[in-house]
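Each chain is listed here by its residues.
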Protein chains: 2
Amino acid sequence: MQLFKFSSTFLLGICLVTFGSFILFTSCGEDDAIRADINPLFETIPPEAPVPEDNPMTDEKIDLGHKLFFEPRLSRSGIISCNSCHVVGAAGVDHRDRAIGEQGRVGPRNTPTVYNAAFLKAQFLDGRAETLEEQAVGPIQAHEEMDLTPEEAMQRLEESGYRPYFAEAFPDEEEPFTFENLAKAIATFERTLITHGSPFDDYLEGDDDALTELELAGLDLFQETGCLSCHRGPLLGGNSFTRFTHAAEKKSEDTGRYQVTGDPDDRYVFRVAPLRNVELTYPYFHDGSAATLEEAVSIMGESQLGRTFNEEEVEMMVAFLKTLTGEFPIIAHPTLPR
Amino acid sequence: MQLFKFSSTFLLGICLVTFGSFILFTSCGEDDAIRADINPLFETIPPEAPVPEDNPMTDEKIDLGHKLFFEPRLSRSGIISCNSCHVVGAAGVDHRDRAIGEQGRVGPRNTPTVYNAAFLKAQFLDGRAETLEEQAVGPIQAHEEMDLTPEEAMQRLEESGYRPYFAEAFPDEEEPFTFENLAKAIATFERTLITHGSPFDDYLEGDDDALTELELAGLDLFQETGCLSCHRGPLLGGNSFTRFTHAAEKKSEDTGRYQVTGDPDDRYVFRVAPLRNVELTYPYFHDGSAATLEEAVSIMGESQLGRTFNEEEVEMMVAFLKTLTGEFPIIAHPTLPR
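These notes cover the structure that comes with them. This one's a predicted model, so the numbers in the text were calculated from it and none came from an experiment. (Residues numbered from 1 in each chain as written. Chains lettered and ligands numbered in written order. Predicted model: local features only at pLDDT ≥ 70, side-chain atom pairs only at ≥ 80, totals over all residues.)

A separate point is the overall build of chain A. For chain A, the count of helices and strands is 14 helices and two strands. Taking 338 residues into account, the globule formula puts the C-alpha radius of gyration at 20 Å, and chain A, at 20 Å, falls close to it. Once the C-alpha set of chain A is aligned to its principal axes, its extents read approximately 60 × 50 × 30 Å. Expressed as a percentage of its 338 residues, the buried residues of chain A come to 50%. Pairs at least 24 residues apart make up 70% of the contacts formed inside chain A by residues separated by at least 6 positions. (Helix = DSSP H or I, 4+ residues; strand = E, 2+ residues; numbered from the N terminus. Rg over C-alpha atoms; globule rule 2.2 N^0.38 Å. Buried ≥ 20, exposed ≤ 12 C-beta atoms within 10 Å, placed from the backbone. Contact = placed C-beta atoms within 7 Å.)

If you want it as structure tokens, here you go:
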């Protein structure tokens, strides 16, 4: 269409190119060796997200997913988009204790960040979706979130002129305009939402000066006290499940993975929280009940390690956790179809 | 802050630079002569918005206003921002009949576009605010919209780390962190939201081929039938008030400007709608009751001109109105403070 000469692909392109150069300059490529003197359970974030075979990345699909991620017409009221809760300019979260959706309805859990979600072992805090594609269709249909049926969602997109964008994003398909492809496009866009270049990544790649003494002391404590046994891998978490004793002790209404599997062993089992950018993804825990990192660290010590961190230890640990804050790409607000 | 190396000023800068070059290339500068054979009531959109003396434009203020415009913490729930209704990627509107806000509360009127609002004679459909600065503080406080007191709004911004941004945006003030300056910053950002380069602008600047025969026929009809008497000036509207007979006849609950002035002569008086980008700012009228341009044109003919447009005339008029769609700048989603 003539009216929008600056396509959003163009600007996203700029961002990705900028981002690409940034990767080169800071040399966090795949070939970078992780320093030898660090526990191998630590990993940098890979340069690119893993991509499923049946949903390859293309510019057209990223562009469509970008539009859909910001599309408020995908909610019953027409004002809530994916970005309303997973705010790309706010570390991918909403900073509320629990998510809010249509008509002010409050959802059961804290909003997890969309950044680096492509590297999670499973989606949702109870891991009930395996892939980003499966996840994407959840909130659109959830009564407490966007509250549309797949048919309603597609009808709105039809009326808003989305058909040609689906055709471009899925050029080999006879009927590209499907709810399944909506999910694929959103997931594809989300695979571009990666944060590299944290001080901790720099440290892992060999920069001895990347962390201060206090931060290094926090890193030691993180390893010694056992945090690392669960919070491991590129996201320092997000790749296993464990019982959250604190939730069990306070008899949280939310019993976590048990609600998915029905297995009594899964009572109060949640996905281990990824710690990348944790400084910015407050408040913490499945119910957002911890407002600060200090509070979260103290509770985790008591709950998961059976140990009381003293004030100095909490300070060290928080200092270390703040080194996990990476660089966020700038995302354009897309131009939505008419 | 180390964590966000790409500042939003940077990207907005790119957009403005791109936009700047675009202005140069299409030469819609102030010096451009408007074609002699056109009614002088038509005007192109000036290259820049008028700026009040007590609120000069600076990059820092644009940057702060950009953040605040996208800041959902300025609503009670924490998920509604200015951009939730004035969607910058959707021609500055929400496409709903009437605005929606906190807890799904429906407001009294259709959302006017934020694009080119800097050129309006008065803000709000009843003109109750004179400036963008006055307008900006309305929705934040309105019960049906964002529902915060000024004190609550500033406290949230304080907790979110906004103080330094206010200090940079208002460097000469002893106490820059005020609700008044919040309004000034948002208004400053809004003054960058301008759309140039519509086919009609090209035509006004002398390009005979910019409009098709059908569009030119619509332009003639627009002048001959009297639309131009109200829909004049750079926005083809937005610079005067008039009685909307259709609203009076259907005894609309909303009596327009009368609710502001209490003057019986102002019953059903509304600001004349600006027609720039009207193709994209559906649905139409103060209550969003007309879904399509065709419907709106027919009703306007009956209501304001006392004449029934036939099908062919409606088609011409709509074709002309679509030539008022300009180029939208791409706006980055800002990086919000923590």
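Glancing now at the packing of helix α13 (residues 293–305) of chain A against helix α14 (residues 311–322) of chain A. Residues and elements named next belong to chain A. Across the interface, α13 lies against α14 with an axial gap of 10 Å and an inter-helix angle of 115°. As α13 runs across α14, the sense of the crossing is right-handed. Contacts from L293, E294, V297 and S298 of α13 reach α14 at V314, M317, V318 and L321. Across the contact of α13 with α14, the residue classes tally to six nonpolar, one polar and one charged. (Axes fitted to C-alpha atoms, helices over the stretch in contact; angles between N-to-C directions. Left-handed = near helix turned anticlockwise from the far one by under 90°. Nonpolar A, V, L, I, M, F, W, Y, C, P; charged D, E, K, R; others polar.)

What follows concerns helix α13 (residues 293–305) of chain B. Residues and elements named next belong to chain B. Listing the buried residues of α13 in full gives L293, A296, V297, M300, G301 and Q304. Considered in projection along α13, the buried side chains sweep an arc of 135° and stay on one side of the axis. For α13, the secondary structure elements touched by its buried residues are α11 (245–249) and α14 (311–322). Positive phi appears at G306, one or two residues downstream of α13, with a value of about 60°. (Arc of directions from axis to C-beta.)

A few words on helix α2 (residues 59–69) of chain B. For α2 of chain B, a buried count of nine out of eleven residues is recorded, marking the element as mostly surrounded by other parts of the structure. Three or more residues of α2 of chain B are buried, namely K61, I62, D63, L64, G65, H66, K67, L68 and F69 of chain B.

Attention now goes to the nonpolar core. I186 and M317 of chain A together with I186 and M317 of chain B are the most contacted members of the largest nonpolar core, which has 160 residues in total. If you tally residues by element for this core, the top one is α14 of chain B, at seven residues. If you count residues domain by domain, this core takes at least three from each of domain 1 (50–190) and domain 2 (199–322) of chain B. Once you skip the residues sitting within four places of it in the chain, I186 of chain A turns out to touch G65, L68, F69, C82 and A136 of chain A. (Core = buried A, V, L, I, M, F, W, Y, C linked by C-beta atoms within 7 Å. Domains from an automatic or database assignment.)

Residues and elements named next belong to chain A. The omega torsion across Y282 and P283 is -10°, close enough to zero to call that bond cis. Tracing the chain through its elements places P283 in the loop between β2 (269–271) and α13. Phi at D147 is positive, roughly 65°, even though this residue is not glycine. You can see D147 is positioned in the loop between α4 (132–141) and α5 (150–159). Accessibility expressed as a C-beta count within 10 Å gives 20 for D147, which makes it buried.

Following the sequence through the fold, V297 of chain A ends up in helix α13. Here the alpha-carbon distance between V297 of chain A and E313 of chain A, two residues 16 residues apart in the chain, equals 9.5 Å.

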